[in-house]
Amino acid sequence: MPDRLRVEVAGRQLEISNLDKVLYPRAGFTKGEVLDYYTRIAPTLLPHLAGRPLTRTRYPNGVDGASFFEKNAPAGTPDWVRTARLPVPGSSKNRERIDFIVVEELATVVWLANLAALELHTPQWRVDEDGTALDPDQLVVDLDPGPPAGLPECYEVALLMRERLAADGLACCPKTSGKKGMQLVVPLPGDESADTVSNYAKSLAEELARRRPNRIVAKMAKQLRPGKVFIDWSQNNAFKTTVAPYSLRAGPTPTVSAPLTWDEVEAGRLTAADLTPSAVLDRVATLGDLLQGGQ
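Residues numbered from 1 in each chain as written. Predicted model: local features only at pLDDT ≥ 70, side-chain atom pairs only at ≥ 80, totals over all residues. Heavy atoms only, no water.

Draft legend 1. Spatial organisation of the pairing of strand β10 (residues 138–145). Of all eight residues in β10, eight are buried, a share of seventy percent or more. Burial of the side chains of β10 extends over both faces: Q138, V140, D142 and D144 are buried on one face and L139, V141, L143 and P145 on the other. Pairing geometry for β10 and strand β12 (residues 182–187), over six bridges, is antiparallel. By the bridge assignment for β12, V140 is matched with V185. As paired elements, β10 and strand β14 (residues 229–232) share four bridges and run antiparallel to each other. Counterpart to D142 in the pairing with β14 is D232. (Buried < 20%, exposed > 50% of the residue type's maximum accessible area, 1.4 Å probe, protein only. Helix = DSSP H or I, 4+ residues; strand = E, 2+ residues; numbered from the N terminus. Pairing = 2+ DSSP bridges.)

Draft legend 2. Representation of the environment of T108. Of note, T108 is situated in helix α2 (residues 106–114). Between the C-alpha atoms of T108 and V63, which are 45 residues apart in sequence, the distance is 22 Å. Residues contacting T108, with those up to four places away along its chain left out, are W80, V81, I101 and V103. (Contact = heavy atoms within 4.5 Å.)

Draft legend 3. Up close: the packing of aromatic side chains. Taken as a whole and assessed by the stated rule, the structure comprises two aromatic pairs. Centroid distance Y24 to F29: 5.7 Å. Interplanar angle 80 degrees. Geometry classified as edge-to-face. The two residues Y24 and F29 agree in class, both being buried. (Phe/Tyr/Trp six-rings, centres within 6.5 Å; stacked < 30°, edge-to-face > 60°.)

Draft legend 4. Representation of the environment of Q235 in the model. Position of Q235 relative to the elements: it lies in the loop between β14 and β15 (242–243). Distance in space between the C-alpha atoms of Q235 and V140 is 6.7 Å, their sequence separation being 95 residues. Filtering out sequence-adjacent residues up to four positions away, Q235 remains in contact with Q124, D142, K240, T241 and T242. At 2.8 Å, the side chain of Q235 forms a polar contact with the backbone oxygen of T241. (Polar contact = N/O pair within 3.5 Å; in protein donor to acceptor, adjacent residues only side chain to side chain.)

Draft legend 5. Looking closely at the nonpolar core. Core analysis: the biggest nonpolar cluster contains 73 residues, and V34, Y37, Y38, I41, L143, I231 and V280 have the highest contact counts within it. When residues of this core are assigned to their parent elements, the largest contribution, nine residues, is made by helix α1 (residues 31–49). If sequence neighbours within four positions are ignored, Y37 has contacts with Y246, L248, V256, P277, V280 and L281. (Core = buried A, V, L, I, M, F, W, Y, C linked by side-chain atoms within 4.5 Å.)

Draft legend 6. View of the sheet that holds β10. The sheet built from five strands is open, its strands ordered β11-β12-β10-β14-β13 with mixed pairing. Both outer strands of the open sheet, β11 (173–176) and β13 (216–217), are each paired with one neighbouring strand and no more. Alignment of β13 against β14, held across two bridges, turns out to be parallel. Paired with V217 across the two strands is F230, which belongs to β14. The sheet contacts of helix α3 (residues 151–167) involve β10, β11, β12, β13 and β14, and relative to β12 the element is tilted by about 20 degrees. (Axes fitted to C-alpha atoms, helices over the stretch in contact; angles between N-to-C directions.)

Draft legend 7. Up close: the side chain of S257. Examined against the element boundaries, S257 turns out to sit in the loop between β17 (254–256) and α5 (262–267). S257 gets classed as buried once you look at its relative accessible area, which sits at 0%. Here the side chain of S257 touches K175 through a polar contact of 2.7 Å, side chain to side chain. In this structure, S257 is in contact with K175, T176, S177, G178, Q183, V243, A244, P245, Y246, S247 and R249, ignoring residues within four places of it in sequence.

Function cannot be read off these values alone, since they describe shape.
Following this line, the structure appears as structure tokens:
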């Protein structure tokens with residue numbers, strides 16, 4: 001196979017390269033397989049990326065090599081890729097505003113996968129057609145277990161949080177982080193500020209921490225976390241991002257941040273290792289997109 005190929009993706013011309021390069025050495029999972037996964041999952045993934053400024057984690061030499069976060073559109077970004085110029089307080093390069101990628105089509109997904117952008121992270125808000133930031137349209141409850149706690153303990157806390165959110169008339173959908181933890185995604189009408197949403201998430205975390213002090217912590221101090229589940233309410237800050245649904249994760253083997261059914265959470269048996277790219281593609285074929293009401 002040649003190192004570089006010119007391909008047409010949904011009417012866009014782009015170049016892909018090094019398809020045989022192994023990006024997950026322990027699994028022998030290649031760049032070509034990454035491209036295949038993202039191409040096949042794209043119809044389900046795209047609605048969760050649309051309108052959201054994207055932060056990528058790139059692994060040009062695979063998950064065992066050096067990686068870097070990338071917010072700004074890189075040099076050579078095709079002119080058909082949508083970008084939005086947005087403020088970035090505290091930028092490491094002292095930029096007040098940068099051009100974010102906004103993924104709207106399959107060709108952009110393929111282009112990013114070819115850059116070894118394995119992980120895709122998004123904020124809880126979108127931009128409008130003019131690139132202006134809107135109020136958040138979702139709240140994320142991030143559950144981060146401190147060893148020896150793990151995903152089973154997150155499942156227990158997720159059930160408590162589901163009950164508490166329901167008391168306020170809010171529904172949520174669970175998903176794994178693709179690593180050790182999970183998130184609950186709560187749709188919002190988009191009429192409250194990020195500060196309001198973040199403060200609400202903080203109040204919920206603190207309430208559950210008071211109710212289950214031996215199981216839950218709401219403070220960020222790492223020395224408080226061993227054996228407990230940290231409810232990271234700060235993910236709702238306007239400048240924070242969370243791994244997108246259906247994104248790959250960069251662990252020893254390829255796993256996916258995958259939506260779950262509540263029956264699966266109650267059973268408590270699924271592990272991150274069960275949610276491989278092929279397994280997630282099969283789940284979508286059978287269950288549809290659980291984050292779009294497929295439960």
